Every structure is written in structure tokens, then in C-alpha cells.
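Residue strings, one per chain:
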Amino acid sequence: MGLVDEIRNRRDSWNSRLEEQRVSQEPYDHEFEKGNARRIEEEIRKNREMVGKFPLLEKQSK
């Protein structure tokens, strides 16, 4: 079962690296996320209004 132990040790080392990275990151910015949620909601609303409508294309000059 040497291979299983080797794979488990590799996985554990990656888990510890990811955990170290997560801890070292800056604190989560809730205000930015709220603003981002508002922007996404606005984009969804705009897309819903455009369902079945096609924007006018300017005539292309040749």
C-alpha cells in the first residue's frame, strides 16, 4: 500500500498549501460583494427586458 500512502501524502501537502494560502489572503470584502450583486441583478434585469428584442444595427457603409 505504498502507492496509496504516497498519494495521500501528496494530497495532504496540497491541502496544507491551500489552507496556508487561504489564511494569508486579505479579509473578505462584503461591501464589494454587495455592489457586485447589485451589478449582476441590474444586468439580469436588462437581459430579461431584451428577450425577443434585437438592437438596431447601424447601416454599414461599404
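For clarity, every value in this text was computed on a predicted model and none was experimentally measured.

Rules behind the numbers
- Residues numbered from 1 in each chain as written.
- Predicted model: local features only at pLDDT ≥ 70, side-chain atom pairs only at ≥ 80, totals over all residues.
- Heavy atoms only, no water.
- Helix = DSSP H or I, 4+ residues; strand = E, 2+ residues; numbered from the N terminus.
- Salt bridge = Lys/Arg side-chain N within 4 Å of Asp/Glu carboxyl O.
- Buried < 20%, exposed > 50% of the residue type's maximum accessible area, 1.4 Å probe, protein only.

A. Spotlight on the environment of Met 50. For Met 50, the location among the structural elements is in the segment after α2 (30–49). C-alpha of Met 50 to C-alpha of Asn 15: the two residues are 35 residues apart in sequence and 45 Å apart in space.

B. Geometry of the pattern of salt bridges. Counting across every chain of the model gives four salt bridges. For Glu 43, the salt bridge is made with Arg 39, and the minimal N-O distance between the two is 3.5 Å. Of this pair, Glu 43 and Arg 39 both sit in helix α2, four residues apart, which is roughly one turn of that helix. On the accessibility criterion, Glu 43 (41% relative accessible area) is partly exposed. With relative accessibility at 48%, the residue Arg 39 sits in the partly exposed group. One salt bridge connects Arg 45 with Glu 42, and the closest N-O pair in it is separated by 2.3 Å. Of this pair, Arg 45 and Glu 42 are both found in helix α2, three residues apart, which corresponds to roughly one turn of the helix. Classification of Arg 45 as partly exposed rests on a relative accessible area of 39%. A relative accessible area of 42% places Glu 42 in the partly exposed class. Residues joined by salt bridges that share partners form a network here, namely Glu 42, Arg 45 and Glu 49.

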